[in-house]
Amino acid sequence: MSQPVFEPAPLPPADRSPAAPLFVWLVIQLVALTLAVFRVPLSARFPPPGEQFAIHIMLAAQVVTSAMLFPFLMRDAKTSLIVILTIAPFVQLSSYLSSVPFARAALAALYVATWLATLALWRAILVSRRSQMLGVAVALALSLGGAVIWYVRAESREVGEIDWTHDGAFGPILGAIAQLHETPPTAWMAAGLLLVLSAAICIVARKRGVGRSGDHSAGHNRARL
């Protein structure tokens, strides 16, 4: 008679190791840095000193890939904190390659950290697989969609200087890059509003979850009586 096979129960979210998300996140940033170091042309008219756009490539890669993978990268508070902290050295390295002042690079890193914190709150709110995929679609629409709209708008107008005061509001990619040139208030207002709104929704969702669990426990106690 064969013995029953007992499979170990899956680890709760709080006990999951952050190694896998951190490894994926570091590889993504290393790839972005490598593209700039080896001067890989990313467009038909890419400038000869390709490393001057190292920080631009890094910021765009951080924003877009985090939007695509935030249910995996931000699966708990500990992993989210590690992911957010690891953007600093890569932004600093890419800013050195691009000869961008440290203060400007720090502002850009802070802007990306604000975006990642927003995604971490989304991950806490979106529990089901379907809701997480919907969140990924919304995050990509905000990041890539805003950049595409800005590009189409720029191509349809006469050639002129970029006004980062207004163009920085076209999503987190343009908002992060805008920090390298000036500090547009519209970009920070949009990022701050999205973060505050996400935090408020997260608090309300947590309170409702606690209330429902309390109601269920009270119902079980009445059934026992």
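Values in this document were obtained by computation on a predicted structure and should not be read as measured data.

Take the environment of A176 next. In this fold, A176 is placed in helix α8 (residues 171-178). Put simply, A176 and H56 are 120 residues apart on the chain and 8.6 Å apart in space, counted from C-alpha to C-alpha. Not counting residues within four places of it along the chain, the set of residues in contact with A176 comprises L59, A108, Y111 and V112.

On to unusual backbone geometry, then. With a phi angle near 60°, S99 is a residue other than glycine that sits in the positive phi range. Mapped onto the elements, S99 comes out in the loop between α4 (87-98) and α5 (102-125). Residue S99 is classed as exposed on the basis of its relative accessible area of 64%.

We now examine α8. Most of α8 is tucked away: eight of the eight residues are buried. The set of residues buried in α8 consists of G171, P172, I173, L174, G175, A176, I177 and A178.

The subject of this paragraph is the side chain of S98. Summarising the element assignment, S98 is placed in helix α4. A relative accessible area of 11% means that S98 is categorised as buried.

Attention now moves to the confidence of the model for the protein. A residue-level look at the protein finds 77% of positions with pLDDT of 70 or above and a mean pLDDT of 82. Contacts from residues 217-221, a stretch scored under 50 in pLDDT, to residues over four places away or in other chains number zero contacts.

This paragraph deals with the environment of T118. The residue T118 is located in helix α5 in this model. With 74 residues separating them in the primary sequence, T118 and G192 have C-alpha atoms 9.2 Å apart. Those residues in contact with T118, other than ones at most four positions away along the chain, are L194, L195 and S198. For T118, the side chain forms a polar contact with the main-chain oxygen of T114, separated by 2.9 Å.

This brings us to the packing of helix α2 (residues 54-73) against α8. Closest axis-to-axis distance for the α2/α8 pair is 9 Å, and the angle between their directions is 150°. As the angle between them shows, α2 and α8 are arranged roughly antiparallel. Of the two elements, α2 crosses α8, and the hand of that crossing is right-handed. Counting all contacts with α2, which are made through H56, L59, A60, V63 and V64, the residues of α8 involved are P172, I173, A176 and I177. Residue classes in the contact of α2 with α8 are distributed as eight nonpolar, one polar and no charged.

Calculation criteria
- Along each chain, the written sequence defines residue order, and numbers are assigned to residues from 1.
- Per-residue local features of the predicted model are confined to residues with pLDDT of at least 70, and side-chain atom pairs are confined, for both listing and counting, to 80 or more; whole-chain, interface and lining totals are unaffected and use all residues.
- Remark: hydrogens and water are excluded; side-chain values derive from all non-hydrogen atoms of the structure.
- Comment: elements are numbered from the N terminus, with helices defined as DSSP H or I runs of at least four residues and strands as E runs of at least two.
- We call two residues contacting when some pair of their heavy atoms lies within 4.5 Å.
- Buried residues are those whose accessible area, probed at 1.4 Å on protein chains only, stays under 20% of the maximum for their type, while exposed residues exceed 50% and partly exposed ones sit between those limits.
- For every residue, the pLDDT score states the predictor's confidence, bounded by 0 at the bottom and 100 at the top.
- Two N or O atoms form a polar contact when they lie within 3.5 Å of each other; inside protein one atom must be a possible hydrogen donor and the other a possible acceptor, and for residues adjacent in sequence the pair counts only when both atoms belong to side chains.
- Each axis is a line fitted through C-alpha atoms, and for a helix only the stretch in contact is used; angles between axes span 0 to 180 degrees, taken between their N-to-C directions.
- Convention used here: angles under 35 degrees read as roughly parallel, angles over 145 as roughly antiparallel, angles from 65 to 115 as roughly perpendicular, and any remaining angle as oblique.
- By definition, any crossing whose near helix is turned counterclockwise from its far helix by less than a right angle is left-handed, and any crossing with a clockwise turn is right-handed.
- Gly is placed with the polar residues, together with every amino acid not listed as nonpolar (Ala, Val, Leu, Ile, Met, Phe, Trp, Tyr, Cys and Pro) or charged (Asp, Glu, Lys and Arg).

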